[in-house]
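# Close look at the chain arrangement
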Amino acid sequence: MLFHISASLSHTSSSTTAFFLSSTAKFLRPRFSFFPKPPFQFPIHQKRHRFVFSQSTAASMDSAATVDSVADDLKKQNLEGIEIKLKLNLEELNWDNSFVRELPGDPRSDSIPREVLHACYTKVLPSVPVNNPQLVALSESVAELLELDPREFERPDFPLIFSGASPLVGAIPYAQNYGGHQFGMWAGQLGDGRAITLGEILNSKSQRWELQLKGAGKTPYSRFADGLAVLRSSIREFLCSEAMHGLGIPTTRALCLVMTGKDVMRDMFYDGNPKYEPGAIVCRVAQSFLRFGSYQLHASRGKKDFEIVRALADYAIRYHFPHLENMTRSESISSNTGEEDNSAVDLTSNKYAAWTVEVAERTASMIARWQDVGFTHGVMNTDNMSVLGLTIDYGPFGFLDSFDPSYTPNTTDLPGRRYCFANQPDVGLWNIAQFTSALSTAELLSDKEADYAMERYGNKFMDDYQDIMTRKLGLAKYNKKLIGELLKNMVSDKVDYTNFFRSLSNIKADPAIPKDQLLIPLKDVLLDIGMERREAWTSWIKSYIQELSITGVLDEERKVSMNSVNPKYILRNYLCQNAIDAAEQGDFGEVRQLLKVMQCPFDEQPGMEKYARLPPAWAHRPGVCMLSCSS
């Protein structure tokens, strides 16, 4: 299927630039408009347990009761409202390993770089060299998902296990085989070149969590690389995984970060001067690491592998979209496709179509939320797109400081800025087009169903984005003109994206405020603006206050609501760099403190205000943080 999306930088007086979606499909795509954009061209057995009861439950029990008698009593009573938390040690984790059990695998288990045919994975053991590995940081909230006792982090062998040097009982390690488009060009087989999945954990709620070690050594997909990772990139991945979760954005998670004790050679600035850096490994956690590229690779290899595409789709639906297995007509979201014949797509007739629509909508919702907080992924290749709609693969990434729609955190991307902040919605749709094309090639979708999934992406993105911007400004309804003028002003004055929206909640909905006092609530974010720009902002504030005044919402009530969606703290690049610098000197305190702050980004957190400050001058040096996020 041919599909083209184009966007261009507006030089007109319009406050926003519409980017147009065009296709060979008959229906008319929606037109999105946000802010000025740069040029853009395209060329996922029962165990014994420790139970922890809530204090109120424990108090109601006979203190002399044995564990067995308590268990027997619990079986006989209604447990509704009683909090029971499992606390497992590592040996008690419930492994399922469905991926290697149900999908075709590589008959070989060596790590020699090669093309792996007709297989979804290769069983391979971690091979990272270690020397007295150390635990740098941990996430107790992720441990809770796994029902892992936090005391397990204190085990002397914990760093050995999560560096891959010691096996984890029940795990069946493997590297996934997938392909993808990189910077718009088909790259063929890619795969897990330095990530090794240990397997899947099932908790007591039947939630499935896949554990993966990133930087654990060579796999058949490593090509010419060493399969290792360094401390700076591992810190960034660990912190951003948890920071994004704190912001409420779908993401892979991170259980722990371990320093291997061995150095790794890296050319950080790509200038021919490599040096040794501390090696490290992140244990990533997600429901699944299946990607768009997982399906693309096998669809690209011809009819012999089409059944693998179907098997992968069946696997994803069975374990991660089970509500689609037996969907009835009344539950279907059948809808007009926008085509001239007014025909509709009945999603009950093809579960793969229903699944594709949901993948598209999850992707659209995720990207709308990236735009919400000013997050830029940096490498939105199709092999970095999760079919679960999770933010995945934190290589080059960054949050906006001054509002610049053309911002990209990836030095490789600087010439064309394909993956810059403003282009993310376009790229998401282009990636969905490649995903649907693979499924159509494998005969799982019709062209009409593929087109419909892309249409739903556009509708979902616009719905979510408009809702997000409405809530960020505390408005009663979406006001395109008001929001467009705001974004235009923010671009003109390079306003700090996060701090501006947080400060906006300080404005009072009082049209009687004197003109010379209108900008006082924003004095900390509107810096060094001249008379002409002050007039532009004053005019906008007047319009904004007028819009607020008709809602009837009390100022304090609106402030609480706005602060619940506009974070005070984001993982700014310079904060990461400070934590990296300290960690490379053996001080992990800043990594742990930063993690704690980013877990509650909407809270005021007295004493932590320094983490909300504008970046220092040194952080604006070209490439400082962009180059520190790879490898």
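Residues numbered from 1 in each chain as written. Predicted model: local features only at pLDDT ≥ 70, side-chain atom pairs only at ≥ 80, totals over all residues. Heavy atoms only, no water.

### Examining the overall build of the protein
The criterion, for reference: A run of DSSP states H or I qualifies as a helix once it reaches four residues; a run of E qualifies as a strand once it reaches two. Both are numbered from the N-terminal end. Here's how the labels work: a residue is buried when its accessible area is under 20% of the maximum for its type, exposed when over 50%, partly exposed in between, all with a 1.4 Å probe on protein chains only.
When you go through the protein residue by residue, the secondary structure sums to 17 helices and 18 strands. Out of the 631 residues in the protein, the part that is buried amounts to 58%.

### A look at the nonpolar core
Selection rule: We call a set of buried Ala, Val, Leu, Ile, Met, Phe, Trp, Tyr and Cys residues a nonpolar core when their side-chain atoms join them within 4.5 Å. The contact criterion used is simple: two residues touch if any of their non-hydrogen atoms lie within 4.5 Å.
Within the largest apolar cluster, 134 residues are counted, with the highest numbers of intra-cluster contacts made by Y295, W355, L473 and F500. By residue number, the principal contributor to this core is helix α9 (residues 351-373), which donates 13 residues. Among all residues touching Y295, those that are not within four sequence positions of it are L290, V309, L312, A313, A316, W355, V387, F435, A438 and L439. Core analysis: the second largest hydrophobic core is formed by 37 residues, V128, L146, I196 and W209 among them.

### Let's talk about the pattern of salt bridges
Convention followed: By definition, a salt bridge exists where a carboxyl oxygen of Asp or Glu is found within 4 Å of a side-chain nitrogen of Lys or Arg.
Summed over all chains, the structure comprises 39 salt bridges. For D149, the salt bridge is made with R151, and the minimal N-O distance between the two is 2.7 Å. Exposure remark for D149: the relative accessible area of 4% places this residue in the buried category. One salt-bridge network, held together by shared partners, links D96, R101, E102, E200, R208 and R318.

### Structural notes on the pairing of strand β12 (residues 208-214)
Our working definition: Strands were regarded as paired on the criterion that DSSP finds at least two bridges between them.
Taking burial as the measure, the seven residues of β12 include seven buried ones, the bulk of the element. With seven bridges joining them, strand β11 (residues 195-202) and β12 adopt antiparallel strand pairing. Looking at the pairing, A195 lines up with K214 of β12. Bridge count between β12 and strand β14 (residues 275-286): five bridges; the pairing is antiparallel. Following the sheet pairing, E210 is matched in β14 by A286.

### Observations regarding the environment of L231
Assignment of secondary structure puts L231 in helix α6 (residues 231-246). The buried category is assigned to L231, whose relative accessible area is 0%. Expressed as a C-alpha distance, the spacing of L231 and T260, which sit 29 residues apart in the sequence, is 9.1 Å. Sequence-distant contacts of L231, defined by excluding residues within four places in its chain, comprise M259, P278, G279, A280, A583 and E584.

### Considering the packing of aromatic side chains
Our working rule: By convention, a stacked pair of Phe, Tyr or Trp rings (six-membered ring in the case of Trp) has centres within 6.5 Å and planes under 30 degrees apart, an edge-to-face pair has planes over 60 apart, and any other such pair is tilted.
Scanning the model with the defined rule gives 27 aromatic pairs in all. With a centroid separation of 5.9 Å and an interplanar angle of 85°, the aromatic rings of Y394 and F397 are classed as edge-to-face. Classification of F397 as buried rests on a relative accessible area of 1%. Taking the centre distance of 6.3 Å and the plane angle of 80° together, the rings of W537 and W540 count as edge-to-face. Taken as a pair, W537 and W540 lie in helix α14 (residues 531-549) at a separation of three residues, close to a single helical turn.

### Some remarks on the side chain of K568
Threshold: By the criterion applied in these results, polar contacts are pairs of N or O atoms within 3.5 Å in which, for protein atoms, one can donate a hydrogen and the other can accept it, and in which residues neighboring in sequence qualify only through two side-chain atoms.
Within the element layout of this structure, K568 appears in the loop between α15 (555-563) and α16 (573-584). Take K568: its relative accessible area is 14%, and that puts it in the buried class. Within the structure, the side chain of K568 is placed 2.8 Å from the side chain of E604, a separation counted as a polar contact. Apart from residues no more than four positions distant in its own chain, K568 is found in contact with T498, N499, R502, P601, F602, D603, E604, E609 and A612.

### Describing α6
Quick reminder of the rule: Multiply 1.5 Å by the residue count of a helix minus one, and that product is the helix's expected span.
For α6, which comprises 16 residues, the first-to-last C-alpha distance of 22 Å matches the rise-based estimate of 22 Å (1.5 Å per residue) to within 8%. Counting buried positions over the 16 residues of α6 gives 15, a clear majority of the element. Two residues or fewer after α6 comes G248, characterised by a positive phi angle close to 85°.

### Description of the confidence of the model for the protein
Selection rule: On a scale of 0 to 100, pLDDT captures the predictor's confidence in every residue.
Residues of the protein with pLDDT of at least 70 account for 82%, and the chain-wide mean is 86. Low pLDDT, under 50, characterises residues 1-31; the stretch is placed with 85 contacts to residues that sit more than four places away or in other chains.

### Remarks on unusual backbone geometry
With phi around 50°, K494 is a residue other than glycine that occupies positive phi space. Topologically, K494 is positioned in the loop between α12 (480-492) and α13 (497-504). For Q605, which is not glycine, the phi torsion reads 50° and is therefore positive. Looking at where Q605 falls in the secondary structure, it is placed in the segment after α17 (589-598). For Q605, a relative accessible area of 16% puts it in the buried group.

### Focus on the packing of helix α10 (residues 424-441) against helix α11 (residues 447-472)
Two numbers describe a pair of packed helices, the interaxial angle and the distance between the axes. The test is simple: A fitted line through C-alpha atoms represents every axis, and for helices the fit uses only the stretch in contact; the resulting angles, taken between N-to-C directions, go from 0 to 180 degrees. In these notes the angle categories are as follows: under 35 degrees is roughly parallel, over 145 is roughly antiparallel, 65 to 115 is roughly perpendicular, and the rest is oblique. Left-handed describes a crossing in which the near helix is turned anticlockwise from the far one by less than a right angle; the clockwise case is right-handed.
Taken N-terminus to C-terminus, the directions of α10 and α11 make an angle of 160°; their axes are 10 Å apart at the nearest point. Overall, the two elements α10 and α11 adopt an arrangement that is roughly antiparallel. The way α10 lies across α11 gives a crossing that is right-handed. Counted together, Q424, P425, G428, L429, I432, A433, T436 and S440 of α10 and D447, A450, A453, M454, Y457 and F461 of α11 form the full contact between these two elements.

### Some words on helix α7 (residues 292-299)
Burial of α7 is extensive: eight of the eight residues sit out of reach of the surface. Regarding α7, the residues found buried are F292, G293, S294, Y295, Q296, L297, H298 and A299. Buried positions along α7 lie against β8 (174-176), β9 (179-182), β10 (185-189), α8 (306-320), α9 and α10.

### Some words on the packing of α9 against α11
This is how it is decided: Each residue is assigned to one of three groups, with Ala, Val, Leu, Ile, Met, Phe, Trp, Tyr, Cys and Pro labelled nonpolar, Asp, Glu, Lys and Arg labelled charged, and all others, Gly among them, labelled polar.
Between α9 and α11, the shortest axis-to-axis distance is 8 Å and the interhelical angle comes to 30°. Between α9 and α11, the interaxial angle falls into the category roughly parallel. Where α9 crosses over α11, the two elements pack in a sense that is right-handed. Split by residue class, the contact of α9 with α11 holds 12 nonpolar, four polar and eight charged.

### Digging into the environment of I529
Considering the arrangement of structural elements, one finds I529 in the loop between α13 and α14. Judged by its relative accessible area of 16%, I529 falls in the buried class. Separated by 36 residues in sequence, I529 and D493 place their C-alpha atoms 7.2 Å apart. Ignoring any residue separated from it by four or fewer positions in sequence, one finds I529 in contact with D493, R534 and W537.

### Some points on the side chain of T470
Locating T470 in the fold gives a position in helix α11. Given the relative accessible area of 9%, T470 is considered buried. In contact with T470, not counting residues within four places along its chain, are L475, A476, K477 and Y478.

### Some thoughts on the state of the cysteines
We apply this condition: The disulfide definition used here is simple: a pair of cysteine sulfur atoms within 2.5 Å.
For the structure on display, the rule yields zero disulfides. No disulfide involves C256; its nearest neighbouring cysteine sulfur is the one of C283, lying 4.9 Å away. Judged by relative accessible area, C256 falls into the buried class, the value being 0%.

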